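This is what each chain is made of:
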Amino acid sequence: MNLTNDHKKALFVLGVGFAIFWIFKPKMAKINATTKVNYTDSEADPKDRTPMKVPTMSQKSAQTNPMAKNGFAALRAYIDAYNNGEPQSVLDELNREFAKEFKVKVYRRKSDNKLVVCDLDGKEIMVNN
């Protein structure tokens, strides 16, 4: 096979270009099944959480107080997401949706570590035991 000088120069330029790219390419992180997600200090690994018991509510209570019915629905959805291992960022997003749809929010009270449902004015509706 006869290579002309132009062909040799083209192969040389391609070879040098590839070598430069190979040397200076960005280092890609290898991701596999054993790679752990780094959570912030305020957000523990969701798999290490202890599951919460799902609350119950009587039909009579739900019929007499519609705000309690909405609060119960929000609390149940929050606990389901929590028990399914959702990260805190997803729970916060869920809380924003509760505020839009049900006009309630769910938070963990620091004094006794219980989940509390309150309206947007801060008035407690229910406490999960």
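Thresholds, definitions, all that
Residues numbered from 1 in each chain as written. Predicted model: local features only at pLDDT ≥ 70, side-chain atom pairs only at ≥ 80, totals over all residues. Heavy atoms only, no water. Helix = DSSP H or I, 4+ residues; strand = E, 2+ residues; numbered from the N terminus. Expected span 1.5 Å × (residues − 1). Buried < 20%, exposed > 50% of the residue type's maximum accessible area, 1.4 Å probe, protein only. Pairing = 2+ DSSP bridges. Lys, Arg positive; Asp, Glu negative; His and termini not counted. Salt bridge = Lys/Arg side-chain N within 4 Å of Asp/Glu carboxyl O. Polar contact = N/O pair within 3.5 Å; in protein donor to acceptor, adjacent residues only side chain to side chain. Contact = heavy atoms within 4.5 Å. Core = buried A, V, L, I, M, F, W, Y, C linked by side-chain atoms within 4.5 Å.

(A) View of helix H1 (residues 5–24). Its 20 residues give H1 an end-to-end C-alpha distance of 29 Å, which sits within 8% of 28 Å, the value for a rise of 1.5 Å per residue. Burial runs low along H1: only zero of the 20 residues are buried.

(B) Focus on the pairing of strand S1 (residues 104–108). The sheet contact formed by S1 and strand S2 (residues 115–119) spans five bridges and is antiparallel. Looking at the pairing, Arg 108 lines up with Leu 115 of S2. Taking the residues between adjacent antiparallel strands as the criterion, S1 and S2 are bridged by six residues, where Asn 113 takes a positive phi near 65°.

(C) Representation of the side chain of Asp 119. Note that Asp 119 resides in strand S2. Within the buried core, Asp 119 has no salt-bridge partner, and the shortest N-O distance to an opposite charge, that of Lys 123, equals 5.7 Å. A distance of 2.8 Å separates a polar atom in the side chain of Asp 119 from the backbone nitrogen of Lys 123. Other than its neighbours up to four places away in sequence, Asp 119 contacts Met 67, Lys 103, Val 104, Lys 105 and Ile 125.

(D) Structural view of the nonpolar core. Formed by 16 residues in total, the largest nonpolar core has its most connected members in Leu 75, Tyr 78, Phe 98, Val 106, Leu 115, Val 117 and Met 126. Listing elements by their share of this core, those giving two or more residues are helix H3 (66–83), helix H4 (88–101), S1 and S2. A per-element tally of this core places H3 first, with eight residues. The contact partners of Met 126, leaving out residues within four places of it in the chain, are Met 57, Ala 68, Gly 71, Phe 72, Leu 75, Leu 115, Val 116 and Val 117.

That's the geometry; what it means functionally is another story.
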